[in-house]
Amino acid sequence: MNKILIQTPYRQKLHQRILKEAMREFYSRGIKAVKMDDIAQNLAISKRTLYEIYRNKEELLLEGIKNAEDEFDLNMAEFIKTYGNNVMDIMIEFYHMQLKFMSEVSPLFFEELNKYDQVLYYLETKHRERDAKAAEFFKRGIQEGFFRADANYEIVTEIGRVAIEHSFKSQMYKKYSFQTITQNIVLLIIRGICTQQGLDMIDRTIFIKPSDRKDFEEI
């Protein structure tokens, strides 16, 4: 019979501390290099306590990624509610959020995700959900006059995936930062699907986050 652990306020707080510390370590050092013992030691808790909450590293990694994805979706939803006047504002905010994330994560983290089947299954499911929403987003961009009607969304996204995969296989990140690689791939794709109206907006605002634009315009 499995133990039923009572979620006291302390246990709930510890749960979040473990997730935060584990993901910080995974992002900066890669997954393989981080041991459960390291996480317990960093938090000054016993290994027994850690294993009572998470049975193994994959379970901990999976929940950490789910937590990060939920937080990302929440932040984007809040942005859209407050600042998302058009698809370009939303896309540029997404671009900045992705670059910030990439600047904080080691390429090893992404390489080593392939070793965890439960994590891969979750991410593939999440990507399919986002792809469906992105296809509708692309249609909206055409209606608003920012995206080219002759661009094929499925082909464009597949090219983006292949480009990212190639950057890993060729270990391009040893010559350029992963943030720089992502920035160039994403910016190339964004510019490729935009009309002149979309390009004009990118050239005016790509270096200014939409959430900061009001303050910028008032200066």
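Located above this text is the structure these notes cover.
Residues numbered from 1 in each chain as written. Predicted model: local features only at pLDDT ≥ 70, side-chain atom pairs only at ≥ 80, totals over all residues. Heavy atoms only, no water.

Visitor: Describe the packing of aromatic side chains, listing the residues and the values that go with them.
Guide: Within this structure, the stated rule accounts for 13 aromatic pairs. Site record: aromatic cluster; members linked through ring pairs are Tyr27, Phe101, Phe109, Phe110, Phe168, Tyr173 and Phe178. (Phe/Tyr/Trp six-rings, centres within 6.5 Å; stacked < 30°, edge-to-face > 60°.)

Visitor: Could you give an account of the pattern of salt bridges, with specific residues and numbers?
Guide: Following the criterion strictly, the structure yields 17 salt bridges and no others. Here Glu104 makes a salt bridge to Lys100, at a shortest N to O gap of 2.8 Å. Here Asp131 and Arg161 are joined by a salt bridge, their closest N and O atoms 2.4 Å apart. Residue Asp131 is located in helix H7 (residues 117–143), and its partner Arg161 is located in helix H8 (residues 153–169); the two are separated by 30 residues in the primary sequence. Note on Asp131: relative accessible area 28%, which makes it partly exposed. Judged by relative accessible area, which is 34%, Arg161 ranks as partly exposed. Connected via shared salt-bridge partners are Glu21, Arg24, Glu25, Arg29 and Asp38. (Salt bridge = Lys/Arg side-chain N within 4 Å of Asp/Glu carboxyl O. Helix = DSSP H or I, 4+ residues; strand = E, 2+ residues; numbered from the N terminus. Buried < 20%, exposed > 50% of the residue type's maximum accessible area, 1.4 Å probe, protein only.)

Visitor: Give a description of the nonpolar core that names residues and reports values.
Guide: Buried together is how nonpolar side chains tend to be arranged in soluble globular proteins. Residues Ile18, Phe26, Ile39, Leu61, Ile65, Phe109 and Leu113 are the most contacted members of the largest nonpolar core, which totals 35 residues. Among the secondary structure elements, those contributing two or more residues to this core are helix H1 (9–29), helix H2 (36–42), helix H3 (47–53), helix H4 (57–83), helix H6 (107–112), H7 and helix H9 (178–193). With 7 residues, the top contributor of residues to this core is H1. If sequence neighbours within four positions are ignored, Ile39 has contacts with Ile18, Glu21, Ala22, Phe26, Val34, Leu50 and Leu60. The next biggest cluster of nonpolar side chains, apart from the first, holds 19 residues, and it includes Phe147, Tyr153, Leu199 and Ile206. (Core = buried A, V, L, I, M, F, W, Y, C linked by side-chain atoms within 4.5 Å. Contact = heavy atoms within 4.5 Å.)

Visitor: Summarise the packing of H9 against helix H10 (residues 196–205); cite the residues concerned and give the values.
Guide: The interhelical angle for the contact between H9 and H10, taken along N-to-C directions, is 145 degrees, at an axis separation of 8 Å. Where H9 abuts H10, its residues Leu187, Ile190 and Arg191 lie against Leu199, Ile202 and Asp203. Here the contact of H9 with H10 is built from residues that sort into 4 nonpolar, no polar and 2 charged. (Axes fitted to C-alpha atoms, helices over the stretch in contact; angles between N-to-C directions. Nonpolar A, V, L, I, M, F, W, Y, C, P; charged D, E, K, R; others polar.)

Visitor: Outline the side chain of Glu112, listing residues and values.
Guide: Considering the arrangement of structural elements, one finds Glu112 in helix H6. Notably, Glu112 is buried but unbridged: the nearest opposite-charge side chain belongs to Lys115, and the N-O separation is 5.1 Å. Not counting residues up to four positions away in its chain, the partners in contact with Glu112 are Gly30, Ile31 and Lys32. (Lys, Arg positive; Asp, Glu negative; His and termini not counted.)

Visitor: Before we move on, can you summarise the environment of Phe138 with the specific residues and values?
Guide: Structurally, Phe138 can be placed in helix H7. Taking C-alpha positions, Phe138 is 40 Å from Tyr54, a pair spaced 84 residues apart along the chain. When residues no more than four places from it in sequence are discounted, the contact partners of Phe138 are Phe147, Arg148, Ala151, Tyr153 and Ile193.

Visitor: Describe unusual backbone geometry, with residues and values.
Guide: Phi at Ala44 takes a positive value of approximately 55 degrees, unusual for a residue other than glycine. When you line up the elements, Ala44 lands in the loop between H2 and H3. Non-glycine residue Gln171 carries a positive phi angle of around 55 degrees. Mapped onto the elements, Gln171 comes out in the loop between H8 and H9. The exposure class of Gln171 is partly exposed, given its relative accessible area of 36%.

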